[in-house]
Amino acid sequence: MTERRAHWGPRALALAALAGSLLVLLATGAITSVASGGASARPVVREYWVAAVPVTWNVVPNERDAIEGERFLPAQTVMRTVAYRQFTKDFGQQLPNGPGNPGLQGPLLHARVGDKLVVHFRNLDTLTNHPHSMHFHGVRYRFGSDGAYIPGFSGPGANVKPGETFTYRFEAGAGARGVWPYHDHSPSMMESIEGGMYGALSVLGRDEEPPDREFVVYLGGQLGFNTINGRAFVGNTPVFRAKVGDVVQWDVLAIGSDFHTFHVHGHRWIGPDGTPRDTQVIGPAESFHVRWREDMPGTWLYHCHVEEHMMNGMIAIYRVSR
């Protein structure tokens, strides 16, 4: 095998890798149509199956704040709620969130500028028996796929009853590059968002290389705690890992009613205006992503720099190995 590969040119290796990646995506149902090349090529269609599912969630599973030493009881930290969960094609089997997207929030959905997205949503809420929906930021769609409830105007996609299914259709237009939130915008919106019913959509540019590591950081709140991905305090919040040389991308989103300041120790990134920075303010339903090539081994903190939020749980660890 080694001798045979030695005769392959770089282009052949690249084509083989691309073919392998497409086979994996087609097998999971994430891509259902691929452009065939040329001026008349059709856009890629990315198809997802997402449901509202009852879950039992512990905001502080180790029952303590490791830095301050405060202890908590399960009655203070455990809740029954409804969250988005991804499924295989035709809602065959529930899938866990990926390693870069641990937590209460829904699946990290992916696309490229120019792609079409088809999201099949099913309301499996047997906990509250409330209607739910999916409302996406950052993408183009007709009014019927807005997912926001407006009495007398919105259609069935804004008020999906328990047991019902609705299909949303979007386009990742020229301005869609970046990371965007999606969330419930049905009549149950307030309760749903407080319970963690939200997720992220990550859109690459047409020719943009994907990062080696992609981390979702959702700044929100549950049960009176300030949370990252639905968890509070070091030892519970997500531990993200990278190696020196990796290109890492942080997808940072906020949800709820508070403003936050995202900060990573020992690292800086370049803002849109070209200025280096290590802290960025983010408000409700805002989002941004930053990238760097990792060159700083160590165990670092990342957190909200609103001190009250950090001390109330919004703090976590980022580990970089050599």
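It should be emphasised that the depicted structure is a prediction, and the values quoted were computed from it without experimental measurement. Every chain's residues receive numbers from 1 upward, in the order its sequence appears when written. Only residues with pLDDT of at least 70 get local features here, since the model is predicted, and only at 80 or more are side-chain atom pairs given and counted; chain-wide, interface and lining totals rely on the full set of residues. Side-chain metrics rest on all non-hydrogen atoms present in the structure, leaving aside hydrogens and water.

## Section: the overall build of the protein
Rules: The way it works is that DSSP assigns letters per residue, a run of H or I at least four long becomes a helix, a run of E at least two long becomes a strand, and they are numbered from the N terminus. Burial here depends on accessible area, computed with a 1.4 Å probe over protein chains only, as a share of the maximum for the residue type. Under 20% is buried, over 50% is exposed, and the range in between is partly exposed. Here the open area of atoms and residues is found with the Shrake-Rupley method and a 1.4 Å probe, where only the protein chains shown may cover a residue.
For the protein, the helix and strand inventory stands at five helices and 21 strands. Counting every position in the protein, which comprises 322 residues, the buried fraction comes to 49%. Accessible surface, the protein as shown: approximately 15,800 Å² in total, 54% of it carbon and sulfur.

## Regarding the sheet that holds strand E14 (residues 247–254)
This is how it is decided: Pairing between two strands requires that DSSP report at least two bridges joining them. Throughout, an axis means a line fitted to C-alpha atoms (over the contacting stretch in the case of helices), and angles, computed between N-to-C directions, take values from 0 to 180 degrees.
One open sheet accounts for four strands, arranged E12-E11-E14-E19; its pairing is mixed. Where the open sheet ends on each side, the last strands, each with one partner, are strand E12 (225–228) and strand E19 (287–293). Across the sheet, the mean angle from the axis of one strand to that of its neighbour is 15°, orientation sign disregarded. Both strand E11 (residues 213–222) and E12 contribute to a ladder of four bridges, which runs antiparallel. The residue bridging Gly-221 from the neighbouring strand is Asn-226, located in E12.

## Let's talk about the sheet that holds strand E18 (residues 279–282)
Taken in spatial order, the five strands of this open sheet run E13-E21-E20-E15-E18, and their pairing is mixed. Each having just a single partner strand, strand E13 (239–243) and E18 make up the two edges of the open sheet. Averaged over all adjacent pairs, the angle separating strand axes in this sheet is 20°, with direction ignored. In the sheet, E13 pairs with strand E21 (residues 315–321) via five bridges, with the strands oriented parallel. By the bridge assignment, Val-239 is partnered in E21 with Ile-317.

## Side note on the nonpolar core
The tendency in soluble globular proteins is for nonpolar side chains to be buried side by side. For clarity, the cut-off: Each nonpolar core is a collection of buried residues, namely Ala, Val, Leu, Ile, Met, Phe, Trp, Tyr and Cys, held together in the definition by side-chain atoms within 4.5 Å.
Judged by nonpolar contacts, the single largest core of 25 residues is most densely connected at Phe-121, Met-134 and Phe-136. When contributions to this core are tallied by element, the ones reaching two or more residues are strand E2 (45–58), strand E3 (78–87), strand E5 (108–112), strand E6 (116–123), strand E8 (165–171) and strand E10 (198–204). Val-248, Val-252, Met-314 and Ala-316 belong to the second-largest nonpolar core, a separate cluster that totals 24 residues.

## Brief notes about the layout of surface pockets
Cut-off, in case you're wondering: Cavity means a closed set of points on a 1 Å grid over the protein atoms alone, one where a 1.4 Å probe fits but cannot get out, pocket means an open set with protein on both sides within 12 Å along at least 5 of 7 lines, and lining means a residue has an atom within 4 Å of a point. Grid points are joined across faces, edges and corners, and a volume is the space filled by probe spheres set on the points. Ten residue types, Ala, Val, Leu, Ile, Met, Phe, Trp, Tyr, Cys and Pro, are classed as nonpolar, four, Asp, Glu, Lys and Arg, as charged, and the remainder, Gly among them, as polar.
Considering only enclosed or pocket space, the second largest pocket measures out at about 320 Å³ in volume. Around the second largest pocket sit 18 residues that line it, and Ile-193, Glu-194, Ile-255, Gly-256 and Ser-257 are the ones nearest its centre. Those elements giving two or more residues to the lining of the second largest pocket turn out to be helix H4 (189–194), E11 and E12. In terms of residues, the lining of the second largest pocket owes the most to one element, H4, which gives four residues. Classifying every residue of the lining of the second largest pocket by side-chain character gives seven nonpolar, nine polar and two charged.

## Things to note about the pattern of salt bridges
We apply this condition: Salt bridge, as used here, is a side-chain nitrogen of Lys or Arg placed within 4 Å of a carboxyl oxygen of Asp or Glu.
Following the criterion strictly, the structure yields five salt bridges and no others. Put simply, Arg-177 and Glu-208 hold a salt bridge, and the shortest N to O gap is 3.0 Å. Linking Arg-177 in the loop between E8 and strand E9 (178–183) with Glu-208 in the loop between E10 and E11, this pair joins segments that are 31 residues apart in sequence. Residue Glu-208 is classed as buried on the basis of its relative accessible area, which comes to 15%.

## Observations regarding empty space enclosed by the protein
The tally for this structure, following the rule as stated, stands at one cavity of 30 Å³ or more. Of the pockets and cavities examined, the largest cavity occupies roughly 30 Å³. Every residue lining the largest cavity is listed: Phe-143, Gly-144, Asp-146, Gly-147, Ala-148, Ser-154, Gly-155, Gly-157 and Ala-158.

## Brief notes about a nonpolar patch on the surface
Note the cut-off: Like-charged residues within 9 Å of one another, or nonpolar side chains (Val, Leu, Ile, Met, Phe, Trp, Tyr) within 5 Å, are grouped into patches, provided each residue has over 30% relative accessible area and no salt bridge.
Judged by side-chain polarity, Phe-143, Ile-150 and Phe-153 come together as a nonpolar surface patch covering roughly 330 Å² of accessible area. Along the chain, Phe-143 turns up in the loop between strand E7 (135–136) and E8. What makes Phe-143 partly exposed here is its relative accessible area of 47%.

## Quick word on the confidence of the model for the protein
Any residue range with low pLDDT should be treated as having predicted coordinates unsuitable for detailed reading. Defined as follows: Confidence of the predictor at the level of single residues is captured by pLDDT, which takes values from 0 to 100. We call two residues contacting when some pair of their heavy atoms lies within 4.5 Å.
The predicted model of the protein averages 90 in pLDDT, with 88% of residues at 70 or higher. This stretch, residues 1–28, has a pLDDT under 50; its non-local contacts, to residues over four places away or in other chains, come to ten contacts. In this model, residues 35–40 is a region of pLDDT below 50 whose contacts with residues beyond four sequence positions or in other chains number four contacts.

## Re the packing of aromatic side chains
Convention followed: Aromatic rings from Phe, Tyr and Trp, with only the six-membered ring used for Trp, were paired whenever their centres fell within 6.5 Å, and each pair was classed as stacked if the ring planes differed by under 30 degrees, edge-to-face if by over 60, and tilted otherwise. Placement of a positive charge over a ring is assigned whenever Lys NZ or Arg CZ falls within 6 Å of the ring centre and within 35 degrees of the normal to the ring plane.
Within the structure shown, the criterion is met by 25 aromatic pairs. Look at Tyr-168 and Phe-170: their rings are 6.3 Å apart centre to centre, the planes differ by 10°, and that puts the pair in the stacked class. Ring plane angle 85° and centroid distance 5.9 Å describe the contact between Phe-225 and Phe-233, whose orientation is recorded as edge-to-face. You'll find Phe-225 and Phe-233 in the same group, each marked buried. Put simply, the rings of Phe-215, Phe-240, Trp-250, Phe-262, Trp-269, Phe-288, Trp-292, Tyr-302 and Tyr-318 pair up and form one aromatic cluster. Over the ring of Trp-57 we find Arg-231; its NZ or CZ atom is 3.9 Å from the centre of that ring.

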